[in-house]
Amino acid sequence: MTAAFPEWFYPGPPDGWTADMLDHLPPDAPAHVELIDGSLIMRSPQTNFHMLMVNLLVDRDRGIRPPGHLAVAREISITLGLRQRPEPDVLVVKKEALSDLRRTSYRPEEVQLVVEVVSPDSEERDRLTKPIKYSDAGIRYLWRIELEDQEPVAYTFELEPSVKAYVPTGIHRKRLTTYVGFEVDIDLDLSRFLD
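In short, a report on the structure. Remember, predicted model here, so these are calculated numbers, not experimental data.

Quick notes on unusual backbone geometry
- Although it is not a glycine, aspartate 37 adopts a positive phi angle of roughly 50°.
- Unlike most non-glycine residues, aspartate 149 shows phi in positive territory, near 50°.
- Among the structural elements, aspartate 149 can be located in the loop between strand 8 (141-148) and strand 9 (151-160).

Overview of the environment of glutamate 158
- The residue glutamate 158 is located in strand 9 in this model.
- For glutamate 158, a relative accessible area of 23% puts it in the partly exposed group.
- Among all residues touching glutamate 158, those that are not within four sequence positions of it are Arg140, Tyr141, Ala165, Tyr166, Val167 and Thr169.

Focus on the side chain of histidine 172
- Along the polypeptide, histidine 172 turns up in strand 10 (residues 165-173).
- Taking relative accessible area as the criterion, histidine 172 reaches 10% and is therefore assigned buried.
- Here threonine 156 takes part through its side chain, which lies 3.1 Å from a polar atom of the side chain of histidine 172.
- When residues no more than four places from it in sequence are discounted, the contact partners of histidine 172 are Pro152, Val153, Ala154, Thr156, Thr177, Thr178 and Leu188.

Section: helix 2 (residues 123-136)
- With 14 residues, helix 2 extends 20 Å between its outermost C-alpha atoms, agreeing within 8% with the 20 Å of an ideal straight helix rising 1.5 Å per residue.
- Taken as a whole, helix 2 carries its principal kink of about 40° at lysine 130; the proline proline 131 stands between one and four residues after it.
- Residues of helix 2 that are buried include every one of Arg125, Asp126, Lys130, Pro131, Lys133, Tyr134 and Ser135, and no others.
- Phi for glycine 138, located one or two positions after helix 2, is positive at around 85°.

Quick word on the nonpolar core
- If you look at the biggest cluster of nonpolar residues, it comprises 24 residues, and the most contacted ones within it are Met53, Leu57, Ile64, Leu113, Val115, Trp143 and Ile186.
- Elements represented by at least two residues in this core include exactly helix 1 (48-58), strand 5 (90-94), strand 7 (111-117), strand 8 and strand 12 (183-187).
- Of the residues forming this core, the biggest block, six residues, is contributed by helix 1.
- If near-sequence neighbours (up to four positions away) are discounted, valine 115 is found in contact with Leu57, Pro88, Asp89, Val90, Trp143 and Ile145.
- Formed by 16 residues, the second largest nonpolar core is a distinct cluster that contains Val111, Ile139, Tyr155 and Tyr166.

What counts, and at which threshold
- Residues numbered from 1 in each chain as written.
- Predicted model: local features only at pLDDT ≥ 70, side-chain atom pairs only at ≥ 80, totals over all residues.
- Heavy atoms only, no water.
- Helix = DSSP H or I, 4+ residues; strand = E, 2+ residues; numbered from the N terminus.
- Buried < 20%, exposed > 50% of the residue type's maximum accessible area, 1.4 Å probe, protein only.
- Contact = heavy atoms within 4.5 Å.
- Polar contact = N/O pair within 3.5 Å; in protein donor to acceptor, adjacent residues only side chain to side chain.
- Expected span 1.5 Å × (residues − 1).
- Bend = angle between axes of the 7 residues up to and from the residue.
- Core = buried A, V, L, I, M, F, W, Y, C linked by side-chain atoms within 4.5 Å.

Written out as structure tokens, the structure reads:
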């Protein structure tokens, strides 16, 4: 007996999916779908590490605390082009980007920082594919956070605009202290977040 898959599961249009099509997926489609090079990418189930790390970063007291003209968002996509609409785990955006409550995507010029919390199924996309897309779009700061020996490690990057490529600004264990247009100081100890 063969299981029937929903219609959206099968190959999309001959020319590939486009960014605007993501807003019209049927209700039974997965909650978080990215568009990379015209292909739909579905997330696998998330780990405790992924969930706790995202919760820590968006926490008002312990996480990213931007100045008043910026805001922290989570799991909202960025439309980078006709066939590019990745969904970072955490973003820092211009506050006015939050004013339309029906929005499902931001423009690159509204985004100051993207954060990818790496899962086993997303390693290649988070380490290689998505950073190139973000840097080509001119997003100034990128963090990639990975699990190493049961502890988070944050890799931070800043855009070098003349070549549109990210350069490393640090590898952070235990504490993430860096600059992304404002000072950041985050205790990465997830056990403290569980207290």
